[in-house]
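Summary of structural features
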Amino acid sequence: MRIAVFAKAPVAGRVKTRLAPELGDEGAARLAASLTLRTLAMAVGSGVGTVELWCAPDTTHPFFAQCSSRFRVKLREQSGEDLGERMRAAVDEALAAGSAVLVIGADCPALDAAVLVRAAKALADHDAVFVPAEDGGYVLVGMARTVPGVFKGVAWGEDTVMQQTRERLVSAHARWQELECLWDVDRPEDYRRMRREGYAVEMPA
């Protein structure tokens, strides 16, 4: 099993921009870094599989080198025109190597090791597994085999992502499982919820 953690370089003004009104550009970038650290610690600690950090726009930001050294994870560069192509590349590579794969973002503090374990177990008798997000997307996708077209033509960033994905799964005659819906941190109200519900994050200087 592989776990592919997708993360953006924590560059002020280029990451978590919807949080800037609450935190400022620098604060939003620090939060993005802290969420990535939390996600990597959780994924590695889960024991589910080999963890890789898939970086955007590339692997050169010093933060990624720090992550690799701290968590002993391999750095990979995301490639593709949109999120669907980037996820497909990571999934295809894992499956070609004979490994099932879980792809997760780095901005869902409610995603924990227990969810990863459940998702991995679901792939024992399903083609795919998803953790839907409250905003209509999803925070985890896992694949045990190729599902043609599952990432193609999806309106990424819209509230129809999960529904469109379900339609593609049906068309591909895939067998999938959905776990409990979670939420990610994109907007000021999400940040306030994270603080209110007590999710601790390490804020780099």
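Scroll up to find the structure this text is about.
To start, this report covers the structure provided alongside it. (Residues numbered from 1 in each chain as written. Predicted model: local features only at pLDDT ≥ 70, side-chain atom pairs only at ≥ 80, totals over all residues. Heavy atoms only, no water.)

This paragraph deals with the sheet that holds strand β4 (residues 101-104). Strand order across the open sheet formed by seven strands is β3-β2-β1-β4-β6-β5-β7, with mixed pairing between neighbours. Where the open sheet ends on each side, the last strands, each with one partner, are β3 (74-77) and β7 (176-178). The average undirected angle you get between the axes of adjacent strands in this sheet is 20°. The pairing of β4 with strand β6 (residues 138-143) spans four bridges and is antiparallel. Counterpart to Ile104 in the pairing with β6 is Leu140. On top of the sheet, helix α1 (residues 20-46) reaches β1 (2-8), β2 (50-56) and β4; it is set at about 175° to β1, its chief contact. (Pairing = 2+ DSSP bridges. Helix = DSSP H or I, 4+ residues; strand = E, 2+ residues; numbered from the N terminus. Axes fitted to C-alpha atoms, helices over the stretch in contact; angles between N-to-C directions. Contact = heavy atoms within 4.5 Å.)

What follows concerns the environment of Arg30. Inspection of the secondary structure puts Arg30 in helix α1. Of the residues examined, Arg30 reaches a relative accessible area of 33% and is grouped as partly exposed. When the C-alpha atoms of Arg30 and Leu123 are compared, they prove to be 34 Å apart, with 93 residues separating the residues in sequence. (Buried < 20%, exposed > 50% of the residue type's maximum accessible area, 1.4 Å probe, protein only.)

By size, the foremost hydrophobic cluster in this structure holds 46 residues, and its most contacted members are Val5, Leu53, Leu102, Leu116 and Leu140. Per-element accounting of this core gives the leading share, eight residues, to α1. Judged by nonpolar contacts, the second largest core, of 25 residues, contains Ala90, Val150, Met162 and Ala174. (Core = buried A, V, L, I, M, F, W, Y, C linked by side-chain atoms within 4.5 Å.)

With that settled, the discussion passes to the side chain of Glu52. Examined against the element boundaries, Glu52 turns out to sit in strand β2. Judged by its relative accessible area of 7%, Glu52 is buried. A distance of 3.0 Å separates the side chain of Glu52 from the side chain of Trp54, its partner in a polar contact. (Polar contact = N/O pair within 3.5 Å; in protein donor to acceptor, adjacent residues only side chain to side chain.)

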